[in-house]
Amino acid sequence: MEKFIIADGTALRISDSGSAGGAGEAGAAGAAGGAGGAGGAGAAGGAGGAGGAGEGRRTVVLLHGYLENLNIWDDVSEFLRPFVRVIALDLPGHGISEVRGPVHTMEFLADVVYAALVGAGVVKCTVTGHSMGGYVALALAERHPEILDGLVLFSSTPNADSPTKVHDREREIAIVEGGKKELLSRTMPGRGFAQQNRTRFADEIEDLAELVMLTEEEGITALLRGMAARPDRGEMLQGLTVPQLFIFGRHDEYITSEVATEIIARQPQARVVWLEDSGHNGLVEEPRASAEAILEFMDINNHTDN
C-alpha cells in the first residue's frame with residue numbers, strides 16, 4: 001500500500017506491503033504528528049499498523065539511490081513480498097517526497113527514515129540501501145542501531161567521498177543550478193548498467209532519464225551536498241554488532257571490482273555477494289538474484305522460482 005506521511009516533520013511517500021487499510025490507515029494518520037506522534041501511531045495501528053510483523057513476518061526496508069525513487073525496487077519487491085514485509089520510501093529530495101533546505105545530510109535522511117519506521121510500527125528490520133541509500137542506511141545504523149537486525153549495502157560503500165568525488169559532485173551542482181539538468185539525464189542513467197546490458201535495458205534507462213528531469217533541482221543539489229559532506233563510516237561498520245552484507249555488481253563503473261575488493265578487505269565481518277551480470281544497478285539488472293541474496297542473508301527459506 002502506498003501513502004503519504006509526515007515523518008520527523010517531513011512529508012514523504014512510503015510503500016508498505018504490511019499496511020492494509022483500517023488500523024494501518026490510522027497509523028499513517030497518527031504519523032502526521034512527527035516522530036513523537038509516530039510512536040503512538042504504531043501502537044494505535046495494532047496488527048494493521050504493524051502489518052506482516054504482527055504475523056511473525058520480518059521486515060525489509062529498501063532505500064533507493066541518487067536520482068532514483070522507491071519504484072527502482074519494484075522488481076526486487078515482487079520476489080521479496082511472499083516472504084517478508086517490504087517497506088520502501090522516496091527519500092526527501094527525490095521522488096515526490098519533500099525537499100527540506102539546501103543540504104540533506106545523510107543524518108537528516110536517517111532520522112526521517114527512522115521516524116517513518118516507528119510510525120509504521122517497525123521494531124526491528126533489515127535495511128537495504130542502494131548506492132546513496134546505503135549512505136543513509138549507515139547513518140541509520142550509527143544513530144538508531146536498536147532498530148536494525150541486519151544491514152545490506154547494495155552497490156554502496158562506507159567510505160567518505162574522495163577529493164575527486166567531491167569535485168565531481170560540485171560540478172554536478174553547478175550543472176543543475178545552471179539549468180542544464182538534462183546533461184545528467186543523458187549521461188548518468190546508462191552508466192548505472194553493465195555495458196553489455198544497456199541495449200537490453202534501454203527502456204529502463206529511458207525511464208531513469210525521465211525521472212532525473214522530473215526530480216526537483218533543489219532536491220538534487222541538496223542530496224549532492226549531503227553526500228559530499230558525509231563522514232567515513234568504515235570504523236563504525238566494523239564495530240556494528242548486527243549482521244552485514246555487501247552486494248556488488250561485477251561490472252559496476254562507479255564501484256569497480258578493484259574498489260569493491262578493497263572495501264571487502266577492510267570489512268571482513270561482512271558477507272559478500274557478487275552479481276556477475278550486473279553493473280551498479282543490479283537491483284534492476286538481476287532482481288531475482290538480488291532478492292535471493294537478501295532473503296538468504298536474512299536466513300529465510302525462499303523459493304522464488306515458484
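Residues numbered from 1 in each chain as written. Predicted model: local features only at pLDDT ≥ 70, side-chain atom pairs only at ≥ 80, totals over all residues. Heavy atoms only, no water.

(A) Layout of the nonpolar core. Among the nonpolar cores identified, the biggest contains 56 residues, and Leu63 and Tyr66 are the most heavily contacted of them. The element best represented in this core is helix α4 (residues 106–119), accounting for nine residues. Of all hydrophobic cores here, the second largest spans 29 residues; its members include Leu70, Val86, Leu245 and Leu283. (Core = buried A, V, L, I, M, F, W, Y, C linked by side-chain atoms within 4.5 Å. Buried < 20%, exposed > 50% of the residue type's maximum accessible area, 1.4 Å probe, protein only. Helix = DSSP H or I, 4+ residues; strand = E, 2+ residues; numbered from the N terminus.)

(B) Structural detail: helix α6 (residues 163–177). Its 15 residues give α6 an end-to-end C-alpha distance of 21 Å, which sits within 8% of 21 Å, the value for a rise of 1.5 Å per residue. All of the buried residues in α6 are Arg169, Glu172, Ile173, Ile175 and Val176. Viewed along the axis of α6, the buried residues span an arc of 160°, placing them on a single side of the element. Facing away from the buried side of α6 by over 90 degrees, the exposed positions are Pro163, Thr164 and Glu177. At its buried positions, α6 is contacted by α5 (132–143), α7 (181–191) and α9 (217–229). Residue Gly179 follows α6 closely and has a positive phi angle near 80°. (Expected span 1.5 Å × (residues − 1). Arc of directions from axis to C-beta. Contact = heavy atoms within 4.5 Å.)

(C) Here's a closer look at unusual backbone geometry. The phi angle at Ser131 is positive, at roughly 55°, despite the residue not being glycine. By secondary structure assignment, the location of Ser131 is in the loop between β5 (125–130) and α5. Positive phi, normally seen in glycine, also occurs at Ser155, with a value near 50°. Mapping Ser155 onto the fold places it in the loop between β6 (148–154) and α6.

(D) Structural view of the packing of aromatic side chains. Following the criterion strictly, the structure yields four aromatic pairs and no others. Pairing Phe246 with Phe248 gives two aromatic rings, centres 5.4 Å apart and planes at 10°, and the pair type is stacked. Taken as a pair, Phe246 and Phe248 share a single burial class, namely buried. Three or more aromatic residues joined by ring pairs make a cluster, and in this case those are Phe246, Phe248 and Trp274. One cation-aromatic arrangement involves Arg191 over Tyr254; the distance from NZ or CZ to the ring centre is 4.4 Å. Just above the ring of Tyr135 sits the side chain of Arg230; from NZ or CZ to the centre is 3.6 Å. (Phe/Tyr/Trp six-rings, centres within 6.5 Å; stacked < 30°, edge-to-face > 60°. Lys NZ or Arg CZ within 6 Å of the ring centre and 35° of its normal.)

(E) Spotlight on the packing of α6 against α7. Where α6 meets α7, the closest approach of the two axes is 6 Å, and the angle between their N-to-C directions is 125°. It follows from the interaxial angle that α6 and α7 lie oblique. Residues Glu172, Ile175 and Val176 of α6 pack against Lys181, Leu183, Leu184 and Met188 of α7. The residue makeup of the contact of α6 with α7, split by class, is five nonpolar, no polar and two charged. (Axes fitted to C-alpha atoms, helices over the stretch in contact; angles between N-to-C directions. Parallel < 35°, antiparallel > 145°, perpendicular 65-115°, else oblique. Nonpolar A, V, L, I, M, F, W, Y, C, P; charged D, E, K, R; others polar.)

(F) Seen up close, the pairing of β6. Across the seven residues that make up β6, a large majority, six, are buried. With six bridges connecting them, β5 and β6 associate as parallel partners. Bridge pairing in β6 links Thr126 to Gly150. Crossover handedness for the path β5 to α5 to β6: right-handed. Note: β6 against strand β7 (residues 244–249), four bridges, orientation parallel. When the sheet's bridge partners are listed, Leu153 is paired in β7 with Phe246. (Pairing = 2+ DSSP bridges. Right-handed = clockwise from strand over helix to strand, strands pointing away.)

(G) Quick peek at a negative patch on the surface. A contiguous patch of negative charge, built from Asp74, Asp75, Asp203, Glu204, Glu206, Asp207 and Glu210, is present on the exposed surface. Listing elements by their share of the negative patch, those giving two or more residues are α3 (74–80) and α8 (202–214). Per-element tally for the negative patch: the top contributor is α8, with five residues. With respect to the helices and strands, Glu206 occurs in helix α8. (Patch = residues over 30% accessible without salt bridge, like charges linked within 9 Å, V, L, I, M, F, W, Y side chains within 5 Å. Areas by Shrake-Rupley, 256 points an atom, 1.4 Å probe, with all protein chains shown as cover. Salt bridge = Lys/Arg side-chain N within 4 Å of Asp/Glu carboxyl O. Lys, Arg positive; Asp, Glu negative; His and termini not counted. Charge placed at Lys NZ, Arg CZ, Asp CG, Glu CD.)

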